[in-house]
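Breakdown of the fold
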Amino acid sequence: MDTNTIFQNAISRRELIKGTGALVIGFSIWEPTSRLLAQQLPAPPGSSPYNNPDYLDPTSLDSWLAVMRDGSITVFTGKVDLGTGVETALAQMVAEELDVQFKQIHMQMGDTAKTVDQGRTAGSNTILRAGPQLRQAAAAARQELVKLASARLGAPVEKLTVTDGVVSIAGSPAKNTSYGDLVGGKSFNLKIKVTGMQTGMIVAPEVRAKDPTKYKVVGKSVPRVDLAPKLTGQFAYTPDVRVSGMLHGRVVRPPVIISKPVNVDESSVSHISGVVKVVQEGSFVGVVAQTEWAAIQAAKTLKVTWSAPATKMPSNPEEVDVYLRNTKSFKDQIVMEKGNLDSAFSRASKIVEATYHWPFQNHGMLAPSCAVADFQGDRVTIWTGAQGTFTTRDRVASMLGLPKRKVDVRFVESSGCYGRLTSDDAAEDAALMSRAVNMPVRVQWMRADEHGWEPKGPQQLMAMRAAVDDQGKVIGYDFSARTFPWTEAQGTPQLGERQIGQKNTAPLPGNPVGSGAVAPIYDFENQKVVGSYIPWPQDDPTPLRTNPLRSPGEPGGIFASESFMDELAFELGVDPVQFRLRYVSDNKRATEVLIAAASAAEWKERRSPTPALSGPKAAGRGVALAARGDTIVAAVADVDVDKSTGQVTVKRITLAHDCGLIINPDGLKFQIEGNIIQGVSRTLMEEVKFDTTGVTSLDWLSYPVITYRDIPDVKIVLIDRPEMQPFGAGEPSIIVVPAAIGNAVSDAIGVRMRQVPFRPERVLSALRVKGTAKQPS
Amino acid sequence: MAQMPLEVNGKLRLVDADPTTPLLYVLRDQFELRGPRFGCGLSQCGACTVIIDGNTVRSCSVPVSAVRDRRVTTLEGLGSVENPHFLQTAFVKEQAAQCGYCMNGMIMTAKALLDKNQNPTDDEIKRGLEAVLCRCGSHLRVIRAVKRAAVNARAKA
């Protein structure tokens, strides 16, 4: 067993040569004086919406929904659909509660002038939080509608039934009225009880919602409302927004860390027909042109002399690892502490230790950042795919010096963004350029802008340690993760704003998240889990700026903790599934999920690694189990490893999933498929490449993602819990994928992979270190 | 700037553009089409795929002057919500898109594939679509949708 206890004593040879142990040379920006950002999740900054003209009044029922004359219902929600299907799922919940047909519901999402601020769409909390908010608003509306019907029909409320928005007297269906007749085209003018803010808002809690056993629309695989237009080219994504008189803008970012433009030679683009203006404001440089192609050419051609960067980037991930390991954290978050760890380790008969590494990774939106801004003197309209339109509004208002109510941000769906658009850079770029030319401007980033400057999912370092007694029982569990905070969590000034000289006024870190230090689903007598956050420059953003990437920190954290569970199982000669079952204790849901995954995968008990087969290919399988919030997932991976090339092939992932009440089974399955496939991609191939001059993986060749040849078979087991609330499903299933694959690789070749991605050369070098022969357990 | 004839989805138009303009921008900004999408501008992702004379072409990397007098088909040229192409019907049936941004490339590439091979195996579909990127992970459903489309097309033939 490799006992690389990184946090205490490891000083690499390179650092000794440089003559320092604790500080990494050359990173002047990493000085601890660099201010740090809070990561306000789940509650991003926002003001109270109550009695505040900047917000739609959440205590007015009319803020939530409107009944049209034809009986259709328009639902207004601050949440947005990022391509996951929540528009459909939320509509199901509202249709169910109102007793109308699904097709009667129309969703209006993410318009700051028309919707309540329900917090940004992130953290798998849309169904979990906004679902009940909309459900209760709908229940309050139904209650009011039935009351109005009672007066009109002259029958008591208890005698009334509602079908497809038609209220009739039970037993006398001819005596009826409809929602459209009752309030169609009119306001409810009804106050409802609402407390809290954004994601945490509690809506009309006193109104009794429908009994889940009577659900007809919820729990059905209703087809998504957005797919037919998307598959025929009729759907308008953010880049499809067209505004009368609209011009095209492109940003010209410095090639490396934010530098200042010493000289901008406008004459260098004067030969390009259609160029309207070279925009320079502070360090922000962009071009506006009549056509998109002219803007692209001008941005490429414009001669800008940038000042030498004041700071240097680290030269490679190893240097960042050293920095993570040796730099004093600004926050040590005790995620869980139980019993007495020191005592457990002092009486241990065996101590197992291992360290795991997770790289910087891209969100890799298929559509690069895009927004349209229409600045008109004292107001501006923004069209953007941002996850939090209210935060975009507040930022743009601050940047332009406008009151919030003079900034209208309208959500228009972009490609899947997986957390990237919690930072809305393009909206700021577009607003700056629109103001400069006093015309509407559409800004789209080029691929290199996106790969280079998107905020990355941060690098992580995880140290695991366990104490085992002479009976082979784990009596101490010590999990410590180190990572960087998000420098770009939404609510802080983005690139454009900082380039025009606006300072970051966000408070110092309060409660950062995303370290990957996750409380284990297992019950060990003595355990401690700590997430440590290391200073990372944010006043002066670098291309290694950071923000949340799908299930922030957890693919890395669970990669470490669930790989380590297997290391312990191997060390003790116990089957990995049986070993986990020993420690899930009385957590019935976790037990059920693990058993469901294992049986669906036809798991055969074994003391790993599996005996080596002859030939260049080795087969293996691995398991992983984890919870994210109240959602519990377990995966079994089946892999082949080519020992001559180091190529890992994931043949199959079997995954069991319990997220409470299921709203739309097919939509849920699809989210899980997507998580699995993206998880395989991130595990096998994804790593941001950089050197001291900047990010060097600026396209899809240098930052490869999964393609058809590497897509595994997928088998999904859904566990429905109608008696529970619906929990999140947009992220949890990705977190078990890396560890399941790592455990399968280890099973196949007898070598433990502790660093993602498992690129062939890394697998080969691990094989070489250990020798190709399998170690019998 | 130059004027040149361009036939898109059966409609011939005179296009007024810098001849070096990639076809994609002419389709999006002059023909006001939304099917071909910008993803990389580098011929790497496939979001901008169109079909020209039966072959898939990455419209982000072909100057419009190179396709004058040619017949360009975009996603809109296959069908609409009201009157979908059998591939689009199959994709909807399989619910084979999450964000859907890559699906132009998937469907157009599948169209060119099925035009040449009416009964592709899973491996042939995978190889055919290999160079089209999807970030949401819709691949398995796309394979099922293409197979479903092939079966339906053969049944009708």
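Residues numbered from 1 in each chain as written. Chains lettered and ligands numbered in written order. Predicted model: local features only at pLDDT ≥ 70, side-chain atom pairs only at ≥ 80, totals over all residues. Heavy atoms only, no water.

**Focus: the interface of chain B and chain A**
With 51 residues of chain B at the interface, the matching set in chain A holds 62 residues. Run the count over chain B and chain A and you get 6 salt bridges. Between B:Asp29 and A:Arg242 there is a salt bridge, with its nearest N and O atoms 2.9 Å apart. There are 32 residue pairs in polar contact (both at pLDDT 80 or more) connecting chain B and chain A. Among the elements of the structure, α1 (23-29), α2 (75-78), α3 (86-93), α4 (103-116), α5 (122-129) and α6 (139-156) of chain B are those that each provide at least two residues to the side of chain B that touches chain A. At 6 residues, α6(B) tops the list of elements feeding residues into the side of chain B that touches chain A. A per-class count over the side of chain B that touches chain A returns 25 nonpolar, 14 polar and 12 charged. (Contact = heavy atoms within 4.5 Å. Salt bridge = Lys/Arg side-chain N within 4 Å of Asp/Glu carboxyl O. Polar contact = N/O pair within 3.5 Å; in protein donor to acceptor, adjacent residues only side chain to side chain. Helix = DSSP H or I, 4+ residues; strand = E, 2+ residues; numbered from the N terminus. Nonpolar A, V, L, I, M, F, W, Y, C, P; charged D, E, K, R; others polar.)

**Comments concerning the side chain of A:Glu428**
Residue and element names in this part refer to chain A. Tracing the backbone shows Glu428 in helix α11 (residues 425-437). Of the buried charged residues, Glu428 lacks a salt bridge, with Arg395 as the closest side chain of opposite charge at 4.1 Å. Each residue touching Glu428, except ones within four places of it in the same chain, is listed here: Arg395, Met399, Pro493, Gln494, Leu495, Gly496 and Glu497. (Buried < 20%, exposed > 50% of the residue type's maximum accessible area, 1.4 Å probe, protein only. Lys, Arg positive; Asp, Glu negative; His and termini not counted.)

**Let's talk about the sheet that holds strand β5 (residues 166-169) of chain A**
Backbone-to-backbone hydrogen bonds join strands into a sheet, with any given pair of strands oriented parallel or antiparallel. All names here are of chain A. Strand order in the open sheet formed by 3 strands is β4-β5-β6, with antiparallel pairing between adjacent strands. The open sheet is flanked by β4 (160-163) and β6 (172-178), the only strands paired with a single partner. Between one strand axis and the next, the sheet turns through 35° on average, direction left out of account. Relative to β5, β4 runs antiparallel, the two being bridged by 4 bridges. (Pairing = 2+ DSSP bridges. Axes fitted to C-alpha atoms, helices over the stretch in contact; angles between N-to-C directions.)

**Comments concerning the environment of A:Asp99**
All names here are of chain A. Summarising the element assignment, Asp99 is placed in the loop between α3 (86-98) and β3 (105-109). Classification of Asp99 as buried rests on a relative accessible area of 11%. In the structure, Asp99 is positioned 572 residues away from Gln671 in sequence and 27 Å away in space, judged by C-alpha atoms. Filtering out sequence-adjacent residues up to four positions away, Asp99 remains in contact with Arg142, Val162, Thr163, Asp164, Gly165 and Lys210. At 2.8 Å, the side chain of Asp99 forms a polar contact with the side chain of Lys210.

**Considerations on the packing of aromatic side chains**
Summed over all chains, the structure comprises 19 aromatic pairs over all chains. Ring geometry for A:Tyr323 and A:Phe484: centres 6.0 Å apart, planes at 25°, overall stacked. Of the two residues, A:Tyr323 sits in helix α8 (residues 317-326) while A:Phe484 sits in the loop between β21 (474-483) and α13 (495-499), which places them 161 residues apart along the sequence. Looking at A:Tyr323, the relative accessible area reads 2%, which means it is buried. Its relative accessible area of 1% is what places A:Phe484 among the buried residues. Aromatic pair A:Phe524 and A:Tyr583: ring centres 5.0 Å apart, planes at 45°, arrangement tilted. Pair noted here: A:Phe524 is in the loop between α13 and β22 (526-533) and A:Tyr583 is in helix α15 (residues 576-584), with a separation of 59 residues, a long-range link. Assigned by exposure class, A:Phe524 and A:Tyr583 land together as buried. An aromatic cluster is defined as three or more aromatic residues linked by ring pairs; in this entry it consists of A:Tyr323, A:Phe360, A:Phe484, A:Trp536 and A:Phe690. It is B:Arg37 that lies over the ring of B:Tyr101; its NZ or CZ is 5.9 Å from the centre. (Phe/Tyr/Trp six-rings, centres within 6.5 Å; stacked < 30°, edge-to-face > 60°. Lys NZ or Arg CZ within 6 Å of the ring centre and 35° of its normal.)

**Regarding the nonpolar core**
Counting 92 residues, the largest nonpolar core has A:Ile741 and A:Phe758 as its most contacted members. In this view, A:Phe758 contacts A:Phe559, A:Val648, A:Thr683, A:Leu684, A:Pro738, A:Ile741, A:Gly742, A:Val745, A:Met753 and A:Val763; residues no more than four positions away in its chain are not counted. In this structure, A:Leu231, A:Tyr708, B:Ile107 and B:Cys136 belong to the second largest nonpolar core, which totals 60 residues. (Core = buried A, V, L, I, M, F, W, Y, C linked by side-chain atoms within 4.5 Å.)

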